[in-house]
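Chain by chain, the residues:
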Amino acid sequence: MKRAVGLAAILALVFLSGCAGLFLPATPITLAHPTVRGAVYLLRGGFNIFSTGMDDLAAKLRADGIDARSEGHAQWPEIAAEARDRYAKDKTPIVIVGHSWGALAADLIAMELQKSNTPIALMILYDGTDSVKIPANVRHVINFISHTNIGMAYKAFALPGFTGTIENIDEPAYNHTNIDNAVPLQDASIGAILQVLRTSTRAARRHQVALRFPGK
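Residues numbered from 1 in each chain as written. Predicted model: local features only at pLDDT ≥ 70, side-chain atom pairs only at ≥ 80, totals over all residues. Heavy atoms only, no water.

Considerations on empty space enclosed by the protein
Then comes step 1: Taken as a whole and judged by the stated rule, the model has 2 cavities of 30 Å³ or more.
Then comes step 2: Its boundaries defined by the atoms lining it, the second largest cavity holds a volume of some 40 Å³.
Then comes step 3: Ala103, Leu125, Gly128, Asp130, Ser131, Val132, Asn143, Tyr154, Lys155 and Ala156 together form the lining of the second largest cavity.
Then comes step 4: Counted by class, the lining of the second largest cavity contains 5 nonpolar, 3 polar and 2 charged residues. (1 Å grid on protein atoms, 1.4 Å probe; cavity = no way out; pocket = protein on both sides within 12 Å on 5 of 7 lines; lining within 4 Å. Points joined across faces, edges and corners; volume = space filled by probe spheres on them. Nonpolar A, V, L, I, M, F, W, Y, C, P; charged D, E, K, R; others polar.)

Here's the deal with the environment of Asp85
Then comes step 1: The topology assignment puts Asp85 in helix α3 (residues 76-90).
Then comes step 2: Expressed as a C-alpha distance, the spacing of Asp85 and Thr118, which sit 33 residues apart in the sequence, is 9.4 Å. (Helix = DSSP H or I, 4+ residues; strand = E, 2+ residues; numbered from the N terminus.)

Quick look at the pattern of salt bridges
Then comes step 1: Tallied over the full model, the rule gives 7 salt bridges.
Then comes step 2: For Glu82, the salt bridge goes to Arg69, with nearest N and O atoms at 2.7 Å. Of the two residues, Glu82 is situated in helix α3 and Arg69 in strand β2 (residues 66-72); the sequence distance between them amounts to 13 residues.
Then comes step 3: In this structure, the salt-bridge partner of Glu112 is Lys115, at a minimum N-O distance of 3.0 Å.
Then comes step 4: Classification of Lys115 by relative accessible area gives exposed; the value is 65%.
Then comes step 5: Put simply, Asp67, Arg69, Glu71, Glu82 and Arg86 are held in one network by salt bridges that share partners. (Salt bridge = Lys/Arg side-chain N within 4 Å of Asp/Glu carboxyl O. Buried < 20%, exposed > 50% of the residue type's maximum accessible area, 1.4 Å probe, protein only.)

Focus on a nonpolar patch on the surface
Then comes step 1: Taken together, the side chains of Phe47, Ile49 and Phe50 present a nonpolar region at the surface, about 320 Å² in accessible area.
Then comes step 2: By the element assignment, Phe50 lies in the loop between β1 (36-44) and α2 (52-63).
Then comes step 3: Relative accessible area serves as the criterion here: at 49%, Phe50 is assigned to the partly exposed category. (Patch = residues over 30% accessible without salt bridge, like charges linked within 9 Å, V, L, I, M, F, W, Y side chains within 5 Å. Areas by Shrake-Rupley, 256 points an atom, 1.4 Å probe, with all protein chains shown as cover.)

Here's the deal with the sheet that holds strand β4 (residues 122-126)
Note on sheets: strands pair through backbone hydrogen bonds, and any given pair is parallel or antiparallel.
Then comes step 1: Taken in spatial order, the 6 strands make up an open sheet running β2-β1-β3-β4-β6-β8, and their pairing is parallel. The sheet is open, and its two edges are formed by β2 and β8 (165-171), each paired on a single side. Averaged over all pairs of adjacent strands, the angle between their axes in this sheet comes to 15°, without regard to strand direction.
Then comes step 2: Sheet topology places strand β6 (residues 140-146) next to β8; 7 bridges connect them, and they run parallel. Directly across from Ser146, in β8, lies its bridge partner Glu171.
Then comes step 3: Packing of α3 onto the sheet brings it into contact with β1, β2 and β3 (94-99), and relative to β1 it is tilted by some 170°. (Pairing = 2+ DSSP bridges. Axes fitted to C-alpha atoms, helices over the stretch in contact; angles between N-to-C directions. Contact = heavy atoms within 4.5 Å.)

Function cannot be read off these values alone, since they describe shape.
This is the structure:
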């Protein structure tokens, strides 16, 4: 029964991908001049009208100087292509965040980027509607699980070759419809994103110095 519910959610996600244009905003909001190196893609859940917390979290990240935008879950193929191309061009660190069906779409992005060995610095999942299997190109996963889904085995599991960190965190104070708007979880997400992007930026600068001054 549990697996049937999860399968139904995935089938619905695939179906809605075909009519995504009915719900998507005309122009995604992006940050013109980010001060923190990296790209954060947030994915909303059902019918692209719920998961308003993803929009709020994206706005908070932009206020902190991070290039972040919130999209409908059915946009995952376009997001995967953009993230792959950006990383190939300038090694832009990638963070993916998703709620509900958006969490499942985040995993689909990870699977697609695995094909080109494009790394994902961090994935943050808010109460996906099925368990997800994490490929080897992901370095760190934070998976928040609401009391609605605790006990349903909707967790993140590692695929062969994965060497990163997976945190499945039960959040009994929240349900499926309000967990994405939980301020403590949003604040924790911002902290984790800032930490990983700033670490990636420092690593990139060290790499550039090493290239400029070989042997130093």
